[in-house]
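Examining the three-dimensional arrangement
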Amino acid sequence: VNDRASVDIAAKLMGVDAEELQHVLNYRSITVRGQKATIPLDPEKARSGCDSLAMGIYGRLFDWLVQKINVSLDGKRGKFIGILDIFGFEIFDQNSFEQLCINFANEKLQQQFNRTTFKEEEALYMAEGINYKHIEFIDNQVVLDMIEKAPRGILPMLDDECKIPEGADSKFMNKIEEVHQRNDRFQTDTHRKLQDSFNFEILHYAGIVKYNGDGFMVKNTDNLFQDMYHMCSKSEVPQMQKLFPKNENRRQMKSLSFQFRSQLNELMSALYETESRYIRCVKPNPDQKPNSFVSGMSIDQLRYSGVFEAVDIRKQGYPFRYKFAQFACRYSCINRGHKYSAGRNNYRAICEELLNVNKQEFKDVVFGKTMVLYRTAEYSTLELLRNLALESVIPKMQAAMRGHLAREIKRRCFKLRDGIDAALKKQNDLDMLIAAIEAVGPTIAEMKDLFPGILPLNLEAGKKHRDDLQKWRDLEHELETLLNQDANDVYYDLAKATDRAEDLRAIPQTDKQMGLVEEALSARANCERGKIDNEAKDCLAVLDPDRMNAVVERAGKIAGHTSRELEEIKEKLALPEIDFVQLEIEKAKEMGDEKRRIHREIRYKELFIEQNERQYSPLSSYSKLREPMEYAKASFLAKFMGAEKKAQEMLLWTKPGSLTSLTNITGNPAQVKAAKQISKFVRQYMGEKKFPEPDEAARQLVATAQQNSLQDEAMLQVFKQLNNNPNPESVTKGWQLLGYVLLNLRPSEDFENFVYVYLKQNAPENDYRRYNSFMHTLQYGKAVNSVGEAVKMVRDGEGRSRFSITAEERTGPTAA
């Protein structure tokens, strides 16, 4: 062995010792007269032994695989249908041992075909006592004997030659030539020996095949020596141990031809125990091309396979045959209206009578011992007469049967419909409905193929209701399981189940199911988790933040507890206050809680002003103010004193008050005039212009503003005289006047936020909420027309409006 690495790899795969593998490849043990000796192998025999080892492993593995497949396919013993795909007959330029085995198998199968087709056909005629003309056919028994019959058959002689120590292919050729030279199915070249040729020819049923005997012995010999077998049986691989079971006795070497013949004989024994049918495959051309038909080649195949002889025997014999009872049953109808006189069970007499009374002539019909036999002409006549008879009878039978079947399917459907209707009227009896629906299949049974789609009209409605009731049945089992456990432990499953029950309310339920649902709802509501969730729902219903915080805190004491309502509460509590207040406003409107709505709207306005204060400050950013320079030009002194100073004083206190309107109403002279009057009334009330009745000035101010839609103008005039006013007494009166104005005049929507911001930034003692309350009193209540009352509310803080908001109330809702 030149390449030790290859030996190591092979030994590892086989699970054997590498040294032992190398030894058995180079040496062979023999036993002579009880003495064991080891002899070295020459390179040729060593190579042959190596090949035999590989072939031995492969062959046994293949046999094991086939056995496994057979075991997996094995079923109950008894009658069976088997398919045998046989070898194709092989004729090549060079044909060797393999082709001889394959063609020998084809010869065997052809013999079986011959026996079945010809011999059995003749045997039938003899059994029935019918005269027939014997048909000659090609019997290939001579070829089979020449190949397999011991001791002079080619394959047995090959086995004998393989057993001889000095055996050779040339000696084998000499022997078979000597034995079979007079056999007309065997032939060799007269000058074979001179040419050192190993060729011989055999005339098979399919034609002459030339074989080359060179190498027959090598291919036939199993050189798996005992040493190799013993080594494989000791393998560490379990599969190898199965392929080479340990055997202390000396292994008997069997030739490949012997194994092949044994297996073939087993196959033939199985075939002879069956009733064989044949499919002949004809090869249309030698080139394996489509759309190419070589007629001569196809005819040769038909001729060599015995098809023509099979056709002849059928043509000369009686290809159609029936038992007497079968023939009488099939053809007694051809004599329409005829009453047969033969006994009821005397089938032969009935067959004879039906042929005799018919007007047609059936001279070639033959009666055997158990059968009526006839040829194609009689068959055609009988079938024509039968078809004519059936054409008149069958339509009537069909009409009657169709009518019966239609009435029967209708009766069955009505019966099924009534059963389903009864179950549907019961509404909640699932078992009754299931039984009614399941009865459809067995009741319709085989008629469903005759009337596809014909079913009870209410079947689909029944199935739908069954599915609905099944949901309740499933829920019933689930509730029973849950109610046997602690509600706190299965609370979430209990909640899902009761929620599902609520979804199923529209589906009829049993008293038991209703009771289980009520019990489950009670268990859910009364356990600690359920109480928390119910409280959470109530909190969300009124959106009470105090209760919402309390229930979240309570839920936190139960490890892992959560619910959709609790999560929603947490989301809402996490909102900015202004967003939460907006939700409270919507909830108050939904609940019709007017007091809470007003309260929350006030709080919303406060929060809005806090967030957007810079947007509404200073007053000069109000979009509807008159342009300062335009305001300044209203004074004739502006030409001398400068317009810029007058423009800067537009929203600041001046002793003479406002020169013209502060808002942009220049297009309405009447309003401008009214604005100047409002400025005068402001100065009169604040003591900056003498007037005997200040309260009357305040009333005139409000009346003028209302009459001329100058609410924003009036407030701006008051703001102007308050801004940078050097006189504290005047400022006090100005804030009293502003209170009265806020209690009677409501600013426009555009100006309202400017008013709130101004109050927040400028109200005395940071008490802007009191003035906000004046605005709320007018917005949600009614005006305070009495100047004295308004002044008292400003001065003394008495008469606080119910719409005002305390410091404690600023961050929480009112009670629902």
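Parameters at a glance
- Residues numbered from 1 in each chain as written.
- Predicted model: local features only at pLDDT ≥ 70, side-chain atom pairs only at ≥ 80, totals over all residues.
- Heavy atoms only, no water.
- Helix = DSSP H or I, 4+ residues; strand = E, 2+ residues; numbered from the N terminus.
- Rg over C-alpha atoms; globule rule 2.2 N^0.38 Å.
- Buried < 20%, exposed > 50% of the residue type's maximum accessible area, 1.4 Å probe, protein only.
- Contact = heavy atoms within 4.5 Å.
- Areas by Shrake-Rupley, 256 points an atom, 1.4 Å probe, with all protein chains shown as cover.
- Lys, Arg positive; Asp, Glu negative; His and termini not counted.
- Charge placed at Lys NZ, Arg CZ, Asp CG, Glu CD.
- Pairing = 2+ DSSP bridges.
- Axes fitted to C-alpha atoms, helices over the stretch in contact; angles between N-to-C directions.
- Patch = residues over 30% accessible without salt bridge, like charges linked within 9 Å, V, L, I, M, F, W, Y side chains within 5 Å.
- Salt bridge = Lys/Arg side-chain N within 4 Å of Asp/Glu carboxyl O.
- Polar contact = N/O pair within 3.5 Å; in protein donor to acceptor, adjacent residues only side chain to side chain.
- Core = buried A, V, L, I, M, F, W, Y, C linked by side-chain atoms within 4.5 Å.
- pLDDT = per-residue confidence, 0-100.
- Expected span 1.5 Å × (residues − 1).
- Parallel < 35°, antiparallel > 145°, perpendicular 65-115°, else oblique.
- Left-handed = near helix turned anticlockwise from the far one by under 90°.
- Nonpolar A, V, L, I, M, F, W, Y, C, P; charged D, E, K, R; others polar.
- Phe/Tyr/Trp six-rings, centres within 6.5 Å; stacked < 30°, edge-to-face > 60°.
- Lys NZ or Arg CZ within 6 Å of the ring centre and 35° of its normal.

Quick look at the overall build of the protein now. Counting its regular elements, the protein contains 37 helices and 8 strands. Here the protein has a C-alpha radius of gyration of 60 Å; the compact-globule value for 816 residues is 28 Å, and the former is much larger. Overall size of the protein, expressed as C-alpha extent along the three principal axes, is 170 × 95 × 65 Å. Relative to its 816 residues, the protein shows a buried fraction of 40%. Long-range contacts, defined here as pairs at least 24 residues apart, represent 65% of the contacts in the protein between residues at least 6 apart. As presented, the protein carries roughly 47800 Å² of accessible surface, and 51% of it is formed by carbon and sulfur atoms. Here the protein holds 118 positive side-chain charges and 120 negative ones, and the gap between their average locations is 4 Å.

Let us now look at the sheet that holds strand β3 (residues 186-187). Strands sit in the order β3-β4-β5 across an open sheet of 3 strands; the sheet is antiparallel. Each edge of the sheet is formed by a strand with only one pairing partner; in this case those strands are β3 and β5 (207-212). Pairing geometry for strand β4 (residues 199-204) and β5, over 6 bridges, is antiparallel. Following the sheet pairing, Ile202 is matched in β5 by Val209. On top of the sheet, helix α4 (residues 97-128) reaches β4 and β5; it is set at about 150° to β5, its chief contact. Together, β3 and β4 form the strand contacts of helix α5 (residues 141-148), whose direction differs from that of β4 by roughly 145°.

All right, on to the sheet that holds strand β8 (residues 371-374) then. Strand order in the open sheet formed by 3 strands is β6-β8-β7, with antiparallel pairing between adjacent strands. Only two strands of the sheet have a single partner each, and these edge strands are β6 (320-323) and β7 (366-367). Pairing of β7 with β8 involves 2 bridges; the strand directions are antiparallel. Bridge pairing in β8 links Val366 to Leu373.

All right, on to a nonpolar patch on the surface then. Together, Tyr58, Phe62 and Val66 make up a nonpolar patch on the protein surface, roughly 330 Å² of accessible area in all. Residue placement: Phe62 occurs in helix α3 (residues 43-73). The exposure class of Phe62 is partly exposed, given its relative accessible area of 46%.

Another aspect to go through is unusual backbone geometry. Of note, the bond from Ala150 into Pro151 is cis; its omega dihedral lies within 30 degrees of zero at 5°. The residue Pro151 is located in the loop between α5 and α6 (154-163) in this model. Put simply, Ser617 and Pro618 share a cis peptide bond, and its omega is 0°. Along the chain, Pro618 turns up in the loop between α27 (594-612) and α28 (628-632). Of note in the backbone geometry, Gln288 takes a positive phi value of approximately 55° without being a glycine. Counting through the fold element by element, Gln288 comes out in the loop between α11 (256-272) and α12 (295-304). Of note in the backbone geometry, Ala445 takes a positive phi value of approximately 50° without being a glycine. Here Ala445 lies in the loop between α18 (440-444) and α19 (447-450).

For the rest of this paragraph, the subject is the environment of Arg626. Relative to the helices and strands, Arg626 is located in the loop between α27 and α28. By relative accessible area, which is 7% here, Arg626 ends up buried. Between the alpha carbons of Arg626 and Thr666 there is a distance of 8.4 Å; along the sequence they are 40 residues apart. Setting aside chain neighbours within four positions, we find Arg626 in contact with Tyr631, Met650, Thr660, Ser661, Leu662, Thr663, Asn664, Thr666 and Val672. A polar atom in the side chain of Arg626 sits 3.4 Å from the side chain of Thr660.

On to the nonpolar core. In terms of nonpolar packing, the biggest core is built from 56 residues, with Leu701, Leu716, Phe719, Trp735, Leu742, Phe751 and Leu759 touching the most fellow members. Elements that contribute at least two residues to this core include exactly α31 (669-685), α32 (694-707), α33 (711-722), α34 (728-742), α35 (749-762), α36 (768-780) and α37 (787-796). Judged by nonpolar contacts, the second largest core, of 31 residues, contains Leu405, Ile409, Cys413 and Val490.

Under the defined criterion, the tally for this structure stands at 43 salt bridges. Glu352 is the salt-bridge partner of Arg348, the closest N and O atoms lying 3.3 Å from each other. Placement of both Arg348 and Glu352 in helix α15 (residues 347-356) is noted, with a separation of 4 residues, approximately one turn of the helix. For Glu352, a relative accessible area of 30% corresponds to the partly exposed category. In this structure, the salt-bridge partner of Lys426 is Asp429, at a minimum N-O distance of 3.5 Å. A relative accessible area of 46% means that Lys426 is categorised as partly exposed. A residue is classified by how much of its surface remains accessible, and Asp429, at 23% relative accessible area, is partly exposed. Salt bridges linked by common partners bring Glu577, Arg603, Glu606 and Arg769 together as one network.

For the protein, per-residue confidence averages 87 on the pLDDT scale, and 93% of positions sit at 70 or higher. Every residue in residues 810-816 scores below 50 in pLDDT, and together they form 20 contacts with partners more than four places removed in sequence or on other chains.

The end-to-end C-alpha distance of α36 is 18 Å, a good match for the 18 Å that 13 residues give at a rise of 1.5 Å each. With 10 of 13 residues buried, α36 is to be regarded as a mostly interior element. Every buried residue belonging to α36 is among Tyr768, Tyr771, Asn772, Ser773, Phe774, Met775, His776, Thr777, Leu778 and Tyr780, and all of these are buried. Tucked into the core, α36 has its buried residues touching α27, α34, α35 and α37.

Residue position: Lys415 is located in helix α16 (residues 376-426). Residues Lys415 and Gln684, 269 residues apart in the sequence, show an inter-C-alpha distance of 104 Å.

Another point: the packing of α33 against α34. Between α33 and α34, the least distance of the axes is 10 Å, while the angle of their chain directions is 165°. Overall, the two elements α33 and α34 adopt an arrangement that is roughly antiparallel. Crossing geometry of α33 relative to α34 is assigned as left-handed. Across from Met715, Val718, Phe719 and Leu722 in α33, the residues of α34 making contact are Val731, Gly734, Trp735, Leu737, Leu738, Val741 and Leu742. Counted by class, the contact of α33 with α34 contains 10 nonpolar, 1 polar and no charged residues.

On to the packing of aromatic side chains, then. This model, assessed by the stated rule, comprises 25 aromatic pairs. Relative to Phe200, the ring of Phe186 has its centre 5.8 Å away and its plane inclined at 25°; by these criteria the two rings are stacked. Taken together, the positions of Phe186 in strand β3 and Phe200 in strand β4 put the pair 14 residues apart, joining distant regions of the chain. A relative accessible area of 6% means that Phe186 is categorised as buried. The buried category is assigned to Phe200, whose relative accessible area is 0%. Grouping aromatic residues by their ring pairs yields a cluster made of Phe608, Tyr616, Tyr622, Phe719, Trp735, Phe751, Phe754, Tyr758, Tyr771 and Phe774. It is Arg375 that lies over the ring of Tyr318; its NZ or CZ is 4.2 Å from the centre.

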